[in-house]
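What follows is the residue order along each chain.
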Amino acid sequence: MPMLATQIAADKTPGLEKREKESHKAVKRSSSNLKKLFTKALRSTGVKYIFKSKTKPPKTPIDVVRRSTFLLASLDSFEDNVDPKRFDKMQELDSLLHEMKSILYGSNECEPAVEACAQLTQELFRDNTLRLIILCLPKLNLEARKDATRIVANLQRQPVNSRLIASDYLEANPDLMDHLVSGYDDPGLALHYGAMLRECIRHQVVARYVLRSEHMKRFFDYMQIPEFDVAADATATFKELMTRHKSTIAEFLFENYDWFFTEFNAKLLESANYITRRQAIKESSKNIQLDAFHVFKLFVANRNKPSDIVNILVANRSKLLRFFASFRIDKEYCLFAEDEQFEADKAQVVKEIAELEAIGPLFSGELHKFPPTPTASGELYKTPTACIRQLI
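Everything quoted here is computed from the prediction, not taken from an experiment.

1. Examining the packing of helix 12 (residues 187-200) against helix 15 (residues 228-243)
Then comes step 1: With their axes 10 Å apart at the nearest point, helix 12 and helix 15 run at an angle of 20° to one another. As the angle between them shows, helix 12 and helix 15 are arranged roughly parallel. For the element pair helix 12 and helix 15, the recorded crossing hand is left-handed. Across from P187, A190, L191, G194, A195, L197 and R198 in helix 12, the residues of helix 15 making contact are D229, V230, D233, A236, T237 and E240.
Then comes step 2: Across the contact of helix 12 with helix 15, the residue classes break down as seven nonpolar, two polar and four charged.

2. Let's talk about unusual backbone geometry
Then comes step 1: The backbone of N128 sits at a positive phi, close to 60°, despite the residue not being glycine.
Then comes step 2: Counting through the fold element by element, N128 comes out in the loop between helix 7 (114-126) and helix 8 (129-135).

3. A closer look at the packing of aromatic side chains
Then comes step 1: Tallied over the entire structure, the rule returns 15 aromatic pairs.
Then comes step 2: Measuring from centroid to centroid gives 5.9 Å for W259 and F260, while their planes differ by 75°, and the two rings are edge-to-face.
Then comes step 3: On the accessibility criterion, W259 (21% relative accessible area) is partly exposed.
Then comes step 4: A relative accessible area of 3% means that F260 is categorised as buried.
Then comes step 5: Relative to F327, the ring of F324 has its centre 6.1 Å away and its plane inclined at 65°; by these criteria the two rings are edge-to-face.

4. Some details on the environment of V230
Then comes step 1: Secondary-structure assignment places V230 in helix 15.
Then comes step 2: Classification of V230 as buried rests on a relative accessible area of 2%.
Then comes step 3: With 45 residues separating them along the chain, V230 and D185 place their C-alpha atoms 9.5 Å apart.
Then comes step 4: Ignoring anything within four residues of it in the chain, the contact list for V230 reads Y184, P187, A190, L191 and I225.

5. A closer look at the confidence of the model for the chain
Then comes step 1: In this model, the chain carries a mean pLDDT of 76, and residues with pLDDT of at least 70 account for 65%.
Then comes step 2: Averaged pLDDT values for the elements of the chain fall to 45 in helix 3 (residues 45-51) and rise to 96 in helix 12.
Then comes step 3: Across residues 45-53 the pLDDT falls below 50, and counting only partners more than four positions away or on other chains, this stretch makes six contacts in the model.
Then comes step 4: Confidence drops under a pLDDT of 50 for residues 364-382, and excluding neighbours within four residues, the segment shows 51 contacts in the predicted structure.

6. Quick notes on the pattern of salt bridges
Then comes step 1: Applying the stated criterion across every chain yields a total of 14 salt bridges.
Then comes step 2: Put simply, K146 and E143 hold a salt bridge, and the shortest N to O gap is 3.5 Å. Of this pair, K146 and E143 both sit in helix 9 (residues 142-155), three residues apart, which is roughly one turn of that helix.
Then comes step 3: You can call K146 partly exposed: its relative accessible area is 39%.
Then comes step 4: We note a salt bridge from R198 to D233, for which the minimum N-O separation is 2.8 Å. Highlighted residues: R198 in helix 12 and D233 in helix 15, separated in sequence by 35 residues.
Then comes step 5: Among the residues examined, D233 registers a relative accessible area of 10% and is labelled buried.

About the criteria used
Residues numbered from 1 in each chain as written. Predicted model: local features only at pLDDT ≥ 70, side-chain atom pairs only at ≥ 80, totals over all residues. Heavy atoms only, no water. Axes fitted to C-alpha atoms, helices over the stretch in contact; angles between N-to-C directions. Helix = DSSP H or I, 4+ residues; strand = E, 2+ residues; numbered from the N terminus. Parallel < 35°, antiparallel > 145°, perpendicular 65-115°, else oblique. Left-handed = near helix turned anticlockwise from the far one by under 90°. Contact = heavy atoms within 4.5 Å. Nonpolar A, V, L, I, M, F, W, Y, C, P; charged D, E, K, R; others polar. Phe/Tyr/Trp six-rings, centres within 6.5 Å; stacked < 30°, edge-to-face > 60°. Buried < 20%, exposed > 50% of the residue type's maximum accessible area, 1.4 Å probe, protein only. pLDDT = per-residue confidence, 0-100. Salt bridge = Lys/Arg side-chain N within 4 Å of Asp/Glu carboxyl O.

This is the structure in structure tokens:
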């Protein structure tokens, strides 16, 4: 017959029961020790690094900017090998710049948040971080330079409380434009600084500063640099300067016609570089005609016109009115043609010319002959006569 469970239990010796109890205690102690060892391992630096980064990432745009400002200001110590953690800090700075770019531009998954962009923009200008980004660009690696370039470019378009605060900041810090223009002297930085400069020129106050500075003369040399990509970038910036803000360009040409067209003819139209010469001719034929109009309207709008100027305008009134009736600027050459302001300016010029009356007898200064088409000779706009010849 099979043995009952109670009988089996009764047959066990006391020694066997003791050994089983000790075995259970040993397993329990082993489990406890293993748990302690695992907990200790998790607390060690090496394992923590696997699950958690050494530097806790900033959570707000303000935190990102403030930490970036600190690291940018410390770059000199990184280069001098004073800081033993320089490699980790450079990596952190790269990450922060990339984070700033992501806040401003968004990502594939989400659009940029307006409030975050405003916070970031305000903090970048408040802490002078924009200045540090521009000045420290040579010390960054290539990818960080790309991110920095896009950050500076984007900030020029970021409104804060419906204002472009970048314009006010750059007006108060014009030396930054000196730094950007001088960037063309370094082929390794030229494309980055050139892209920043073109975005800054969107602000009329910045364009006016650059046009009136000694840097304008340097562009004629930059556009002939042997490195094609640098020369092309300088040409793009020059074109932006000469076409973005029409009233400012008109003032500039009116005040600087002598040296500007002397340089334009000698260094661009007569350049030995075919690409430079071709680009100059392309720009001059249409854009000079438009620029001549904006200078010409200054003569017409002057309420205290000398009598000889009045008489020249009256003598050529019929030719001028016929010309302005069909005067158009191709969109290919100038986006300003789409601007209603252009049409308003033209209408005002036509009205002024139509209402003019000669002062005394007309003299032989009447322009009897005009070139059949506008030329690219860069004739100086010293008088209304010169402007009229460029126009018609």
